Each structure stands twice: as C-alpha cells, then as structure tokens.
Amino acid sequence: MNIIVCAKQVIDPEAPPASFKVDPSSNKVVPPPGVSPVISPFDEQAVEAALRIRDAQGGKITVISLGVNLLRDVVKKPLYMGADELILLEDESFAEGDSWSTAYALAMAIKKIGEYDIVFCGRQAADWDAGQVGSGIAEILGLPGVTVAKKIDITDGKARVERVTADGYEVVEVSLPALITVSNELGEARSPTLKGIMAGKKKEPVIWKPADIGVEASQVGAAGRRTGLLKLFQPVREGKCEIIEGASPEEAAVNLALKLREAKII
Amino acid sequence: MAEYKGVMIYCEVNEGKLAAIATELLGCGRKLADALGQELCAVLVGSNITGLGKGAIASGADKVYEVNDPLLKDYQTDSYVTVMEKVVKQAMPQILILGQTSIGRDLAPRLAFRLDTAAAMDCIALAIDPDSKQLLQTRSVYGGNALATFTSACSPQIATVRAKAMSPLKPDASRQGEVIAIKADLDPSAIRTKVLEKVPEEVAGIKLEDAEVVVAGGRGIGNADGFKQLQELARVLKGAVGATRPPCDNEWVPDAAQIGLTGKIVTPDLYIGVALSGASQHLTGCSGSKSIVAINKDPEANIFKVAHFGIVEDWKKVLPAFTEKVKELLGG
C-alpha cells in the first residue's frame, strides 16, 4: 500500500487566544513570539490514519509539505511519527497561495510521485480553515474522494470509510486509488518515539521546486490565486462578564441560580 | 458566450422537507438578488423531492430547478457534483450559495474545482460590492480568531454559509414561481462510492442544535462520569448536553455532541460552559447564544471574554449546588 499524506506547517492553533494578532497593514497574522509553528492537527491525524494502515498491512508513507520557511524540526514530525519519506515543495513562488494554487501544486507533486493507493489530507488546515485542498487535489487528479473520515479499513482493493455527518456517521465504500480527508474523530495522533526521532533526524527531505513538478511559478502560490483577500481582522468581543461570588463555591452556585432567575434567563 | 447572472441557492432536503439551512440561505439570497436586481433561483437535488419546490418559492425563490432521480437518494460526491455541474452550466448563475453542512463542505469545493472557479467556505456574511458587483465573502479563519473578507473574479462565485448565520423570510404561500425539472442523466458506473450504512449517533433527548438551553463540558470534566452531572442539569433545564473537542476525542460523549467550528453551531437562549477554556474554534459554535454562563476555576480562561455571568471555582463544587437550586427555583 503506497500512501501519500499532505501536511501543512501552521501557526500553533493551541497558542493562547490572547497572543493572536493581525497586522492590518499587511492583512497578515503576526506569529506569536516564542511559539513554534506546528503541523496542522488534522494533518497529523491524516499521518496517523496512514500509519494505522501501514501497521496493519505494510506499505510506504510519503509526506508532502508545501510552503516557505519550513522549519525542519516541524515538518519532520511525520517522519518522527514513523512516515518513510518527506518531500518539501519549498520555494518563494509557493508562498501566499489559496486553496486553488495550493491544491494544484500538491496535485502535480502527487502526479510526479506516480504510484499511490491513497492520498490523505486533513479535513482543513488550522490557519485558513477552508477545507478545500483535499477535494481540489481529488478533482485535479480525477480521483474519487471521501471527506471528513474517522476510520478507514482497507479490504480487497477498496477502502471502507466512516465519514462523520451531523448526526453520526455513514460507512462509505470507495475504490482505490482515492483521496480521503481525515477529521479529529479519528482519535489522537501518536507521539513520536525516541527511536522514531533518531531515525527521522537521519532522513533528508527531498526538495522540489516548481520546475521539478512541471509547473510555472505563475501557476502556484500568490500568482496562481483565484481569490483575493480584501481584509483580515479580529472580531471584537464585548468582554463584560459579571463574576458571581459567594462565601463558598456552593454559595456562589446558589447566587448564580438566583441571578439567572432574577434576569428571567431561567 | 452567455452571461453569468442571478443568485442560486442549493437547497438541502432533510427527511422529506426543506432543511432549515435552505430557508436561511433563501432569505440571504433574496437580499443579494435584490441588491443586484436579478433573479433568485433554488436547486433541489434528491430522490423524492417533487413538490418541495413550492416551499422554496414561498421562502423567496423566483425559480426552482429540481433534479429528481433514484440514484440521488444518498448524497455522494460523484453523483451530486455531476448533477450540480449540469445545473450550473444550464442556469449560469453569477453566485451559488450552499450551506456549510456535511453535504456543502464536500460538494462546494469539489464543484468549484470542477467548474474551474473558486469557493469561500463557512461564510458568516455575504454582501454585494456596490462598485464591482462582486460578492464580498466574510468567513472565519484561524479557528475563529480572525475574520477575512474575500472576493473572486471567477464565475460563478461559490460560497458556503454557516448554519444560523442568516435569517429566513416568513414563508409566503402566495408567491409565484416557476419549477423546472432537470434530468440527472447519471451513469451509475461513474459513481465511485457506495453508501453502505448510515449510523445515527444522536445524543439522547432534545436535539442539540434545536435546544433552548445547552450545558456544555470541556476537558476539565475529566471523564464520562462527570458528564452525568451535566446531563442532570440539562434535564432540569429541559436542555441538551454538548461538549468541546477533547471530551469527544476521549469518547466521554458521542462525536455528535461536539460544538464548534467542525462540530455543531448552537444559538440557544442559555449556554452554560462548564470546565471548558473557550478555545476560539469552540466559541465559533456557541458565541451566538443569547446568554452565556461560564464555570471555570481559571479566571484567565477565554470563555470569560464572551460570558455574561461567570463563577471562578472548581466546577465539581459548583455544579451540584447550582443544579439543586435551579431545581428548587423551577419547582421540579
């Protein structure tokens, strides 16, 4: 089983909300000082989904990350977790893309890899939250797709995917090769082991430029965008919380109930 | 080449009726169509949808396209994208709006790539730029920490809209409109997926997204047993229990209880957040609630920034006394 996983380096979404700042003049997020970027959590779960399949029936996992200023210790985490190979689409021309130009570059890289049974992506990246790149790759490559998966079983050249819906899940069978996007309901991604880190440190990522995947710089990154960002801003929160006190926690609880009754909320 | 014109709403059908999101989108679409001085049309796709077009007209549509075919019984990417591609190519709308639902999340991006255009997902506001007449798409990004407004010069402009972000019109049964049937013409062998089973995972009792009171717990609840106390409070208040992502990931509650960016959007009259920090992606799903109460021992917790009332204490000491007092006040 040859598996490809797309994994994105993002600003840590678990950083304290108070540290989140936008620079209005550039319409960009100011990376919080002292907080390292991470692999987008849903993408880590996509790596986990790939590892579970390889654990069960063997195979090879190739991870692709696209961007600029990719920190080796960050983008190598899938290797530390156990993935076999890492390809970086790392070039200035890949920067500032939108869902379209990103999916296009990733699809061309996957085409170059050539042999694959499953392509995994996270359901959406923790920065732009668009959730389009997986579907876009599938469409460009002409693959069937199943999105928002929480469990994947492979039998007889087909994948049985549990796809999360609003009221539960549905079991979808899909022929391979296919693209599957993974959601958090899959369960936590494994932590790298010391052995995994040692092995991963020794592996050098392969770096591909636009020409390596047969595309022009004008087709990817900012130049290949189909959407324009007019404005990036932070929603204003009112922040007027009335703290209910009491001589003891129990008394505070009683006071809260009385307060809600008085305000006709209950 | 024909011109792209008008606003099209993809109307979801749920249990034989127009879904709530469909009427919300029609309300929003009506405003956009009026701002452009153009037509609003609705699309219904499914296997037993005849007659539902009237409801879409009553809710604001001028025209309805119906695609009715047994092969469209279950939502499947291949069949629905193919059908929608056909409808869009025939109707040539300038704007196409879908709901940010299980279907819309899957259908909108794939359709956008098929049609060689762009989509904006999970919009909370849509407007027409008075000068360019382009659609201004405002959506939440960075897990709800920021909002971003996008445009696209591609046609049609596709957007999905978050549940409960828009208001439906009051249905008017006297509104007139045209219903046009479009044949699906699907090749069954081109549908590469098969839905084997649908497994409901409903939380017992009142539906979370319809509940007037929601009691939600976070990581701090600690285990499945802790959620029993939340259920007791929800029962007393005739509400439903929800959760942030960690309790779902740890299987203390079913996944269907998740509130937030990738879970359910709730807008109850009263939302009680217990032992949850208030990560932006969670607040995205509950900040539209009328009154928000927070119980958390950490005074710095983000939830206090959106809460109207709060107690800074260990929830284990607060909740039993609170539930007792509420029970007494409500006479039950």
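Residues numbered from 1 in each chain as written. Chains lettered and ligands numbered in written order. Predicted model: local features only at pLDDT ≥ 70, side-chain atom pairs only at ≥ 80, totals over all residues. Heavy atoms only, no water.

1. Some points on the overall build of chain B
So, point 1. What chain B contains, in helices and strands, is eight helices and 17 strands.
So, point 2. Here the C-alpha atoms of chain B give a radius of gyration of 22 Å, agreeing with the 20 Å that 2.2 N^0.38 yields for 332 residues.
So, point 3. The C-alpha extent of chain B, read off along each of the three principal axes, is 70 × 45 × 40 Å.
So, point 4. Out of the 332 residues belonging to chain B, those deemed buried represent 62%.
So, point 5. Pairs at least 24 residues apart make up 62% of the contacts formed inside chain B by residues separated by at least 6 positions.
So, point 6. For chain B, the exposed area adds up to about 12,900 Å²; of that, 49% sits on carbon and sulfur atoms. (Helix = DSSP H or I, 4+ residues; strand = E, 2+ residues; numbered from the N terminus. Rg over C-alpha atoms; globule rule 2.2 N^0.38 Å. Buried < 20%, exposed > 50% of the residue type's maximum accessible area, 1.4 Å probe, protein only. Contact = heavy atoms within 4.5 Å. Areas by Shrake-Rupley, 256 points an atom, 1.4 Å probe, with all protein chains shown as cover.)

2. A closer look at the sheet that holds strand S17 (residues 309-311) of chain B
The strands that make up a sheet are held in pairs by hydrogen bonds between backbone atoms, and each pair lies either parallel or antiparallel.
So, point 1. With parallel pairing, the six strands of this open sheet are ordered in space as S15(A)-S17(B)-S16(B)-S15(B)-S13(B)-S14(B). The open sheet terminates on both sides in strands that have one partner only, identified here as strand S15 (242-243) of chain A together with strand S14 (240-243) of chain B.
So, point 2. The strands touched by helix H7 (residues 249-262) of chain A are S15 of chain A together with strand S16 (291-295) and S17 of chain B; relative to S17 of chain B, the strand with the most contacts, the crossing angle is about 170°.
So, point 3. Running over the sheet, helix H5 (residues 224-236) of chain B touches strand S13 (213-217), S14 and strand S15 (270-274) of chain B and is turned about 140° from S14 of chain B. (Pairing = 2+ DSSP bridges. Axes fitted to C-alpha atoms, helices over the stretch in contact; angles between N-to-C directions.)

3. A closer look at the interface of chain A and chain B
So, point 1. Chain A puts 79 residues into the contact, and the matching count from chain B is 81 residues.
So, point 2. Looking only at chain A, the three residues that lose the most surface to chain B are Glu 139, Asp 167 and Arg 237 of chain A, adding up to 9% of its buried area.
So, point 3. Taken together, chain A and chain B are joined by five salt bridges.
So, point 4. Of the charged contacts in the structure, one is a salt bridge between Lys 150 of chain A and Glu 201 of chain B, with a shortest N-O distance of 3.6 Å.
So, point 5. Remark: the boundary between chain A and chain B carries 32 residue pairs in polar contact (both at pLDDT 80 or more).
So, point 6. Looking at the side of chain A that touches chain B, the elements with two or more residues in it are helix H4 (99-113), helix H5 (133-141), strand S9 (145-155), strand S10 (158-165), strand S11 (168-175), strand S14 (228-233), S15 and H7 of chain A.
So, point 7. It is H7 of chain A that provides the largest number of residues to the side of chain A that touches chain B, a total of eleven residues. (Buried area = accessible area lost by both parts, 1.4 Å probe. Salt bridge = Lys/Arg side-chain N within 4 Å of Asp/Glu carboxyl O. Polar contact = N/O pair within 3.5 Å; in protein donor to acceptor, adjacent residues only side chain to side chain.)

4. Describing the packing of helix H3 (residues 77-91) of chain B against helix H4 (residues 102-114) of chain B
Two quantities define a packed helix pair, namely the angle between the helix axes and the distance between the axes.
All names here are of chain B.
So, point 1. Viewed as axis vectors pointing N to C, H3 and H4 meet at an angle of 55°, and their least axial separation amounts to 10 Å. Classified by the angle their axes make, H3 and H4 are oblique. Here the hand of the crossing between H3 and H4 comes out right-handed. Residue-level contacts link Thr 77, Tyr 80, Val 81, Thr 82, Met 84 and Glu 85 of H3 to Asp 106, Leu 107, Arg 110, Leu 111 and Arg 114 of H4.
So, point 2. Residue composition of the contact of H3 with H4, grouped by class: five nonpolar, two polar and four charged. (Parallel < 35°, antiparallel > 145°, perpendicular 65-115°, else oblique. Left-handed = near helix turned anticlockwise from the far one by under 90°. Nonpolar A, V, L, I, M, F, W, Y, C, P; charged D, E, K, R; others polar.)

5. Notes on the state of the cysteines
So, point 1. Enumeration according to the criterion identifies zero disulfides over all chains in this entry.
So, point 2. Of all cysteine sulfurs in the structure, the one in Cys 121 of chain A sits closest to Cys 6 of chain A, which takes part in no disulfide; the separation is 4.0 Å.
So, point 3. Judged by relative accessible area, which is 6%, Cys 6 of chain A ranks as buried.
So, point 4. In this structure Cys 241 of chain A is a free cysteine whose sulfur lies 13 Å from that of Cys 286 of chain B, the closest cysteine sulfur available.
So, point 5. Overall, the relative accessible area of 22% leaves Cys 241 of chain A in the partly exposed class. (Disulfide = S-S within 2.5 Å.)

6. A word on the domain arrangement of chain B
All names here are of chain B.
So, point 1. When cut into domains, chain B gives domain 1 (7-190) and domain 2 (208-329).
So, point 2. A straight line from the C-alpha centre of domain 1 to that of domain 2 covers 33 Å.
So, point 3. Taken together, the contact between domain 1 and domain 2 spans nine residues of the former and ten residues of the latter.
So, point 4. Carbon and sulfur atoms supply 45% of the area that domain 1 and domain 2 bury against each other, a total of about 710 Å² over both sides.
So, point 5. Interface area lost by domain 1 to domain 2 is led by Gly 143, Arg 162 and Lys 164, which between them contribute 62%.
So, point 6. Taken together, the links from domain 1 to domain 2 amount to zero salt bridges.
So, point 7. Our count for the contact surface shared by domain 1 and domain 2 stands at four residue pairs in polar contact (both at pLDDT 80 or more).
So, point 8. Of the residues contributing to the side of domain 1 that touches domain 2, the split by class is one nonpolar, four polar and four charged. (Domains from an automatic or database assignment.)

7. Brief notes about the pattern of salt bridges
So, point 1. Scanning the entire structure with this criterion turns up 37 salt bridges over all chains.
So, point 2. A salt bridge links Asp 127 of chain A to Lys 8 of chain A; the shortest N-O distance between them is 3.0 Å. In this pair, Asp 127 of chain A sits in the loop between strand S8 (118-122) and H5 while Lys 8 of chain A sits in the loop between strand S1 (2-6) and strand S2 (9-10), placing the two residues 119 residues apart along the sequence.
So, point 3. Between Lys 63 of chain B and Glu 39 of chain B there is a salt bridge, with its nearest N and O atoms 3.3 Å apart. Of this pair, Lys 63 of chain B sits in strand S5 (residues 63-68) while Glu 39 of chain B sits in the loop between helix H1 (20-36) and strand S4 (40-46); the two residues are 24 residues apart in sequence, bridging distant segments of the chain.
So, point 4. Taken together, the salt bridges that share partners define one network made up of Glu 139 of chain A together with Glu 85, Lys 89, Arg 110 and Arg 114 of chain B.

8. Remarks on the sheet that holds S11 of chain A
So, point 1. Strand order in the open sheet formed by ten strands is S13(A)-S7(A)-S6(A)-S1(A)-S8(A)-S12(A)-S9(A)-S10(A)-S11(A)-S12(B), with mixed pairing between adjacent strands. Among the strands making up the open sheet, the edge pair consists of strand S13 (206-208) of chain A together with strand S12 (193-200) of chain B. On average, each strand axis in the sheet is tilted by 30° relative to the strand beside it, whichever way the strands run.
So, point 2. As paired strands, S8 of chain A and strand S12 (residues 178-182) of chain A are joined by five bridges and run parallel to one another. Across the sheet, residue Cys 121 of chain A finds its bridge partner in S12 of chain A, namely Thr 181 of chain A.

9. Observations regarding the packing of aromatic side chains
So, point 1. Inspection of every chain in the model, using the stated rule, returns six aromatic pairs over all chains.
So, point 2. Members of the aromatic cluster, each reached through a chain of ring pairs, are Phe 20 and Trp 128 of chain A together with Tyr 142 and Phe 150 of chain B.
So, point 3. The lysine or arginine in question, Lys 112 of chain A, covers the ring of Trp 208 of chain A, its NZ or CZ lying 4.7 Å from the ring centre.
So, point 4. Note that Arg 123 of chain A overlies the ring of Phe 42 of chain A, its terminal NZ or CZ placed 5.9 Å from the centroid. (Phe/Tyr/Trp six-rings, centres within 6.5 Å; stacked < 30°, edge-to-face > 60°. Lys NZ or Arg CZ within 6 Å of the ring centre and 35° of its normal.)

10. Focus: the environment of Ala 126 of chain A
So, point 1. Inspection of the secondary structure assignment puts Ala 126 of chain A in the loop between S8 and H5.
So, point 2. Taking relative accessible area as the criterion, Ala 126 of chain A reaches 13% and is therefore assigned buried.
So, point 3. The contacts of Ala 126 of chain A, once residues within four sequence positions are left out, are Val 10, Pro 13, Ser 40 and Pro 41 of chain A together with Tyr 142 and Gly 143 of chain B.

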